[in-house]
Each structure stands twice: as C-alpha cells, then as structure tokens.
Amino acid sequence: MRGMTQPRTRRDVFRLAGYSAAGLALAACGVQGQKAAPPKADAVADYWAKQKKNGKVVFANWPEYMPEDKGPLEKFKQDTGIAYEYKEVIQENAEFFGKADPVLRAGQSLGYDIVVMTNGIQLQHMIELGYAVPLDHSKLPNFQANAGQKYKERSYDPGNKYTVPYTSGVTGIAYNTKYVKDEITSIESLFDPKYKGRVGMMADAQEIANFGMIALGIDPEKSTEADWNKAGEKLKAQRDAGIVRKYYDQSYIDAVSKGDVWLTMAWSGDVFQRQLAGEPVKFVVPAEGGTIWTDNMLIPKGAANPVDALMLMDYLYQPAVAAELDEYIQYVTPVPAVQDLLREKAAAAKGEDKKALEDMVNSALMFPSEADYAKLRSYTQLTTQQEQVFNPIFQSITQA
C-alpha cells in the first residue's frame, strides 16, 4: 500500500519537461536516419520464426513504475521460469531517445528487451526510423482478450503494430477548492481574467498546444499549421494579459496545493495522490476536452530476448497482474477488469486499506467514465519537418 500513502508519481521525473527546449535539441540532434519502410508481413513472420525463448528478459522503465517487491515480475518468473532484470533508467523521453538513437542507428543493441515510452515525438521517431520491432500478435492472447478496445485504437500506432500500453494518464484542470468556489467545467476558466496571476500552465510544448487547440474547438490529432498558429495566438494573449502566473514543470502540483495558483493544467495521477492525502484539490476533464497520454511497451531493434519480452508484455495483461500493478502506480489501466478486481479486494479489506481501495475504485482519475474518454484527445503527430514549425510557436510563449 506504499503508493497510497507516500506522494509520488511517474511524472516526478519531468523536471525539465519532456519537450523542453533542451530536450528537443537533444532529440533533434540525434534524428539523422531516414524513415524505414513499413515491414512486410512475411518479413515480420520470418523474424519471429527465427526467435526462441532464452529464459531472460531485461525491462527498462521509469522510476516508481513497478511495486517495490517486483510482485508482478516475480510471479512472471515463477510461472514461466524466465529470469528478469528490471532497470529504472528512463528519466525523460527526449533524453532517452537522444542516447538510444546513435546506438540503434549504428546497428547495436541497447541492452534492453522492453522499453517504456510515452506517445509523442520520440516514440514516433522510434517507429518511423525502424527502431521498434513489429509485434507478433499471435503471442499476445492476454492483450487480445483483456485490453480495453480504446487501447487497441491508438492513433499513434494503429493496430498496436509496435506497442502495447503500459498505463495511461489524463491532462485536465486541477483547482484548489479553498480559493475557487465556482464549479470549474470549462477550459475557458484558464483564460478568465478574474483569475489573473493565479493560473498555472504547463511548459511542455505539446501539452500547452493541445489545450490551446482544444479551447478553440480544434482536434489536435487533425490539426494543421494554421491551427497551431491560432492556438499560439490565444495562448500568447493569455500570457500577455497576465493571467498565467507561471509555466510549470512537475512543480505545478505543489503550487496549486499551496494556493500559489488557484487552478492549473494538471496530470490526473498527481491530483489523485493529493486527494488521498486530504488536500483540497479537485480534478476535472474540461467540457471541451482534455489530453490522454499513454506510456507504451515496445521491443527495441537488436533486443537479445524478444520472445521472452513478448511473453512478459502479454503476462502483464492478465487481470490479476494488471490489478496488482495498478494498485501501486494508480494511473489509468488498459485492462478494464481491474476495476472489478479492486472492488472485490476493497469489499474484503478493513480500515484505511479499505478506504484507499474504495477511493481508487471510485476515482475517475484511475477509471475515467465513457463521457470523459469521449472528450480526450492525443497529441499532434509531427514529422521532423513539422517539428521545426510547431515547437517554436509554443516555446516562444512558455520561454519568453
């Protein structure tokens, strides 16, 4: 139950924001390769026909993203006989890609069989440059049986050709009910002059771009350069009017909890942790929409143990295993059956454990409603050329 009582988040590591100027520069300098042609079905089949189980898997993940006792991994080892190495080496998408790109481009192995990356610019580069191994879905029966349909329809990887979700989170609005007495429902609250100097916005280029576009009724996934400019103008006007106190990295959650800002863009998992701690912070998906991001498991090119990796990826889609994982990390699971399993566990629990489990089961931050899902959008997919237009528009706002 450690995750319920000690505030922490997988996104604590975004101290410099995943798409900060430094991060983007690091990633951009490594993108030297040409787009890889989509793999042909017979080539994928031939690749997997040559692979065999080796009895070992090396899993590269973010900090605080697996129970301390490595319960799911220990069960996997017991059930399959496959040993594991678990390494918390991914601190930021841009930094990780910046280090991985020259290694993979040189045809060398990263030394990992599974890596976890958030959908966005760097994951797109991994796929487009041929750095991700196409998955053999005949070896993913648990994924097929237990993954929610929404997690089989990811726009950044149609058909889950290269990735399967590890967990997801939502970007919406958090507000401190001690200072904000109105019921916040609209994204326009972030642009309301009555909150001048008390609004927090994110420094992350793709996050702030999404909210600028959603405020204008634009679907980021279908946006154009003209849409980016419109969103940039709206966000610039918000900044110039003095409405924004600061463009935040992870520190926004402390700012809204303390009342430095009264309302802010926010990540669902952060707010849920503060709610469990009893702080007066509320989270809402705006009526106009919010952002859903997903951390994805993939097998990098040159992995030594791809069969073992695929077995572990699929193993994590067993509902009982997924429930144990989600109870710890407290984000949005791709396995809907987890909610009922946690509900059953809550019914049998007592005291503080019972309340914590009930809070999880009933939280829209861990189990969004269908109405919330319908309002959620992903990030704009960008080519390398488009990045050179997109990034300056929004970085010029947050870094001014």
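Our structure is the block above this text.
Enquirer: Whenever I open this one, the nonpolar core confuses me. Can you help?
Expert: Within soluble globular proteins, side chains that are nonpolar generally end up buried alongside one another. Ranked by size, the top nonpolar core spans 126 residues in total, and within it Phe-59, Tyr-166, Leu-190, Met-201, Met-297, Ile-299 and Phe-394 carry the most contacts. The greatest single-element share of this core, amounting to 7 residues, is contributed by helix 8 (residues 205–215). Setting aside its immediate chain neighbours within four residues, Tyr-166 contacts Phe-59, Asn-61, Tyr-65, Met-66, Val-116, Asp-295, Asn-296, Met-297, Leu-316, Leu-325, Ile-329 and Pro-334.

Enquirer: How do you make sense of empty space enclosed by the protein when you look at a structure like this?
Expert: Where empty space is left in the structure can be found by rolling a water-sized probe over the atoms. The final tally for this structure, using the stated rule, is 4 cavities of 30 Å³ or more. The computed volume of the largest cavity comes to approximately 110 Å³. If you list the elements that add at least two residues to the lining of the largest cavity, you get strand 4 (164–176) and helix 13 (319–329). When residues in the lining of the largest cavity are grouped by element, the largest group, 4 residues, is from helix 13. Classifying every residue of the lining of the largest cavity gives 10 nonpolar, 2 polar and 1 charged.

Enquirer: Could you clarify how one ought to interpret the packing of helix 9 (residues 225–240) against helix 17 (residues 384–398) in this entry?
Expert: The packing of two helices is summarised by the inter-axis angle and the distance between the axes. Viewed as axis vectors pointing N to C, helix 9 and helix 17 meet at an angle of 10°, and their least axial separation amounts to 8 Å. Between helix 9 and helix 17, the interaxial angle falls into the category roughly parallel. Of helix 17, the residues touching helix 9 (which contributes Glu-225, Trp-228, Asn-229, Ala-231, Gly-232, Leu-235, Lys-236 and Arg-239) are Gln-386, Val-389, Phe-390, Ile-393, Phe-394, Ser-396 and Ile-397. For the contact of helix 9 with helix 17, a count of residues per class yields 8 nonpolar, 4 polar and 3 charged.

Enquirer: I would appreciate a short explanation of the pattern of salt bridges in the present structure.
Expert: Any two side chains of opposite charge can pair, so long as their charged atoms come close to each other. Overall, the coordinates contain 22 salt bridges when judged by the stated rule. With a shortest N-O distance of 3.9 Å, Asp-372 and Lys-375 are connected by a salt bridge. With Asp-372 and Lys-375 both in helix 16 (residues 370–375), this residue pair falls 3 residues apart, about one helical turn. Residue Lys-375 is classed as partly exposed on the basis of its relative accessible area of 23%. Where salt bridges share partners, they join Lys-56, Glu-85 and Lys-87 into one cluster.

Enquirer: What is the right way to look at helix 14 (residues 338–348) in this model?
Expert: Every α-helix winds through 3.6 residues per turn, so residues three or four apart in the chain are directed the same way. Along helix 14, the residues classified as buried are Val-338, Leu-342 and Ala-346. One side of helix 14 carries all its buried residues, which in axial view fall inside an arc of 75°. With respect to the buried face of helix 14, the exposed residues turned more than 90 degrees away are Glu-344, Ala-347 and Ala-348. In this fold, the buried residues of helix 14 make contact with helix 13 and helix 15 (351–361).

Criteria and thresholds
- Residues numbered from 1 in each chain as written.
- Predicted model: local features only at pLDDT ≥ 70, side-chain atom pairs only at ≥ 80, totals over all residues.
- Heavy atoms only, no water.
- Core = buried A, V, L, I, M, F, W, Y, C linked by side-chain atoms within 4.5 Å.
- Buried < 20%, exposed > 50% of the residue type's maximum accessible area, 1.4 Å probe, protein only.
- Helix = DSSP H or I, 4+ residues; strand = E, 2+ residues; numbered from the N terminus.
- Contact = heavy atoms within 4.5 Å.
- 1 Å grid on protein atoms, 1.4 Å probe; cavity = no way out; pocket = protein on both sides within 12 Å on 5 of 7 lines; lining within 4 Å.
- Points joined across faces, edges and corners; volume = space filled by probe spheres on them.
- Nonpolar A, V, L, I, M, F, W, Y, C, P; charged D, E, K, R; others polar.
- Axes fitted to C-alpha atoms, helices over the stretch in contact; angles between N-to-C directions.
- Parallel < 35°, antiparallel > 145°, perpendicular 65-115°, else oblique.
- Salt bridge = Lys/Arg side-chain N within 4 Å of Asp/Glu carboxyl O.
- Arc of directions from axis to C-beta.

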